[in-house]
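# A look at the structure
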Amino acid sequence: MSKLRVGILGATGMVGQRFISLLENHPWFEVTTLAASPRSAGKTYEEAVGNRWKMTKPMPEAVKSMIVKNVNEVEAVASEVDFVFSAVDMTKDEIKAIEEAYAKTETPVVSNNSAHRWTPDVPMVIPEVNPEHFEVIASQRKRLGTKRGFIAVKPNCSIQSYTPALNALKEYGPKVVVATTYQAISGAGKNFADWPEMIDNVIPFIGGEEEKSEQEPLRIWGKVLDGEIIKAEAPFITTQCIRVPVTDGHTAAVFVSFEKKPEKEEIIKAWTEYKGLPQELNLPSAPKQFIKYFEEDNRPQAALDRDYENGMGICMGRLREDTVYDYKFVGLSHNTVRGAAGGAVLNAELLKALGYIEAKEN
């Protein structure tokens, strides 16, 4: 099978770098085009990134000498690829416009950005949770006037540490959720060298994050109706989001009450046996076991457990009954793998498997 040609929009930033790192030697996709801001355009990728390579793995040889294109030259970039991943750093309105411009060139856009997460006919998908939302692509294509082109997005990074765990328990009717997330600095696209103020520090505010954390799960649990996604009305979710001095890995402390309270053993069984379409289809980036439960009181830990299933799995622990709510537990997910680039790659794999992404005809 010949590989699909992939472009990365916003290739020099941290999420763009993560895409490049994850796609090295990918069985289905090959990075053939890198695009970034006009100041990076015309340079080799190695020159454009300079000393800002933030991955632990070295920069892949295959991309070092690629000439970076101007992301604003939409037709030129789109002509060289079958689809693109978007991780551009622009204003929300600029991101909306440029992603639609790429889609209108008949180039599917799989986005890491938040700009289109509430566009009614744009699917926002965790592949194991709501793949049926890809159905709205047909309506989106009608609106955009495209045959191949569309936009699909992945949700906020912090909700990955608890939304799949709650989804596994939906038969019990989660009704109230209180979650506090402790979010790594890579969620801001930074490391400790960039952000020394975070050493020995906690910042109790991350702009826009609490609204996303409370509302996006409801869209994920919503229904497709007349070509749009109508968000769910329950459960009621309230959150606090806190930046902590951790390189990678978002942790969540969650309290939940149910319509029908399950036994602790039923919860753990539901988590550990949970499978979705990516596992059924054996997609290349899909974790074999999506959710892992730790019996130890001191797990999961970001440093020890964020790379579970190559960063694509989700770790749970400390499940116990609560005096105010039914249960409380702790979740952990890798924010730049499952929560960002890896989640988008898995979306693209599923979109390809379902026939939404295919090679362009030359």
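Further up the page is the structure itself.
In short, a report on the structure. (Residues numbered from 1 in each chain as written. Predicted model: local features only at pLDDT ≥ 70, side-chain atom pairs only at ≥ 80, totals over all residues. Heavy atoms only, no water.)

## With respect to the overall build of the protein
Along its length, the protein carries twelve helices and 14 strands. Taken over the C-alpha trace, the protein has a radius of gyration of 20 Å; the compact-globule value for 362 residues is 21 Å, and the two agree within 12%. Projecting the C-alpha coordinates of the protein onto the three principal axes gives extents of approximately 60 × 50 × 35 Å. Sequence separation of at least 24 residues holds for 76% of the intrachain contacts in the protein that already meet a minimum separation of 6. A total accessible area of about 15,500 Å² is found for the protein, and carbon and sulfur atoms account for 48% of it. (Helix = DSSP H or I, 4+ residues; strand = E, 2+ residues; numbered from the N terminus. Rg over C-alpha atoms; globule rule 2.2 N^0.38 Å. Contact = heavy atoms within 4.5 Å. Areas by Shrake-Rupley, 256 points an atom, 1.4 Å probe, with all protein chains shown as cover.)

## Some details on the environment of Met59
By secondary structure assignment, the location of Met59 is in the loop between helix H2 (45-49) and helix H3 (61-64). For the pair Met59 and Gln17, spaced 42 residues apart in the sequence, the C-alpha separation amounts to 8.4 Å. Here Met59 is in contact with Tyr45, Glu46, Val49, Trp53 and Lys64, once residues within four sequence places are set aside.

## Structural notes on the pattern of salt bridges
As enumerated under the stated definition, the model contains twelve salt bridges in all. Note that Asp82 and Arg5 form a salt bridge whose closest N and O atoms lie 3.1 Å from each other. Remark: Arg5 occurs in strand S1 (residues 4-9) and Asp82 occurs in the loop between helix H4 (74-78) and strand S4 (83-86); sequence separation between them is 77 residues. Judged by relative accessible area, which is 24%, Arg5 ranks as partly exposed. In this structure, a network of salt bridges that share partners links the residues Glu100, Asp121 and Arg143. (Salt bridge = Lys/Arg side-chain N within 4 Å of Asp/Glu carboxyl O. Buried < 20%, exposed > 50% of the residue type's maximum accessible area, 1.4 Å probe, protein only.)

## Observations regarding the packing of aromatic side chains
Each aromatic ring pair is summarised here by two numbers: the centre-to-centre distance and the angle between the ring planes. Counted under the stated rule, the structure contains 13 aromatic pairs. Between Phe134 and Tyr356, the ring centres sit 6.1 Å apart and the planes meet at 50°, which makes this aromatic pair tilted. A residue pair is termed long-range when its members are at least 10 positions apart, and Phe134 in the loop between strand S5 (109-111) and helix H6 (137-144) and Tyr356 in the segment after helix H12 (337-353) qualify at 222 residues. We classify Phe134 as buried; its relative accessible area is 1%. Geometrically, the ring pair formed by Trp271 and Tyr293 is tilted, given 5.9 Å between the ring centres and 35° between the ring planes. In this pair, Trp271 is assigned in helix H9 (residues 264-272) and Tyr293 in strand S12 (residues 291-294), connecting sequence segments 22 residues apart. (Phe/Tyr/Trp six-rings, centres within 6.5 Å; stacked < 30°, edge-to-face > 60°.)

## Details of the side chain of Ser285
Mapped onto the elements of the fold, Ser285 is located in the loop between helix H10 (277-280) and S12. A polar contact of 2.6 Å, which involves the side chain of Ser285, links it to the side chain of Glu349. Residues within four places of Ser285 in sequence aside, it is in contact with His26, Met312, Val345, Leu346 and Glu349. (Polar contact = N/O pair within 3.5 Å; in protein donor to acceptor, adjacent residues only side chain to side chain.)

## A short note on the sheet that holds strand S2 (residues 29-36)
Here we have six strands laid out as an open sheet, ordered S3-S2-S1-S4-S5-S6, and parallel in their pairing. Looking at which strands have only one partner, the edges of the open sheet turn out to be strand S3 (69-70) and strand S6 (151-153). Across three bridges, S4 lies against S5 in parallel orientation. Residue pairing across strands places Ser86 opposite Ser111, the latter belonging to S5. (Pairing = 2+ DSSP bridges.)

## Topic: the side chain of Asp305
Looking at the secondary structure, you find Asp305 in helix H11 (residues 302-305). Taking the relative accessible area as the measure of exposure, Asp305 reaches 4% and is therefore buried. Engagement of the side chain of Asp305 in a polar contact is seen with the side chain of Arg299, the distance being 2.6 Å. With near-sequence residues (within four places) excluded, Asp305 lies in contact with Phe294, Arg299, Pro300, Cys315 and Leu332.

## What about H9?
Every buried residue belonging to H9 is among Ile267, Ile268, Ala270 and Trp271, and all of these are buried. Looking straight down H9, one finds that the buried residues subtend no more than 160° of arc, so they occupy a single side. (Arc of directions from axis to C-beta.)

## So, the sheet that holds strand S14 (residues 327-333)
With mixed pairing, six strands are arranged side by side in an open sheet as S10-S7-S11-S14-S13-S12. Both outer strands of the open sheet, strand S10 (236-243) and S12, are each paired with one neighbouring strand and no more. For this sheet, the mean angle separating the axes of adjacent strands, direction not counted, is 20°. One ladder, built from six bridges, connects strand S13 (residues 314-321) with S14; its direction is antiparallel. Residue pairing in the sheet places Cys315 in a bridge with Leu332 of S14. Its contacts with the sheet place helix H8 (residues 209-220) against strand S7 (174-183) and S10, and it is angled at close to 145° to S10. (Axes fitted to C-alpha atoms, helices over the stretch in contact; angles between N-to-C directions.)

## Things to note about the environment of Glu265
Looking at the secondary structure, you find Glu265 in helix H9. In this structure the C-alpha to C-alpha distance between Glu265 and Ala184, which are 81 residues apart in sequence, comes to 31 Å.

## What about a negative patch on the surface?
Side chains of Glu171, Glu263, Glu265 and Glu266 sit close together on the surface and give a patch of like negative charge. Considering the arrangement of structural elements, one finds Glu263 in the loop between strand S11 (250-258) and H9. (Patch = residues over 30% accessible without salt bridge, like charges linked within 9 Å, V, L, I, M, F, W, Y side chains within 5 Å. Lys, Arg positive; Asp, Glu negative; His and termini not counted. Charge placed at Lys NZ, Arg CZ, Asp CG, Glu CD.)

## Let's talk about the nonpolar core
Formed by 53 residues in total, the largest nonpolar core has its most connected members in Leu9, Tyr102, Trp271, Met316, Leu319 and Phe329. If near-sequence neighbours (up to four positions away) are discounted, Met316 is found in contact with Ser161, Ala165, Trp271, Ile291, Lys292, Tyr293, Phe294, Pro300, Phe329, Val330 and Gly331. (Core = buried A, V, L, I, M, F, W, Y, C linked by side-chain atoms within 4.5 Å.)

## A look at the pairing of S13
Sheet topology note: the S12/S13 ladder contains four bridges and is parallel. For Lys292, the partnering residue across the bridge sits in S13 and is Cys315. Counting the residues that bridge the hairpin from S13 to S14 gives five residues.

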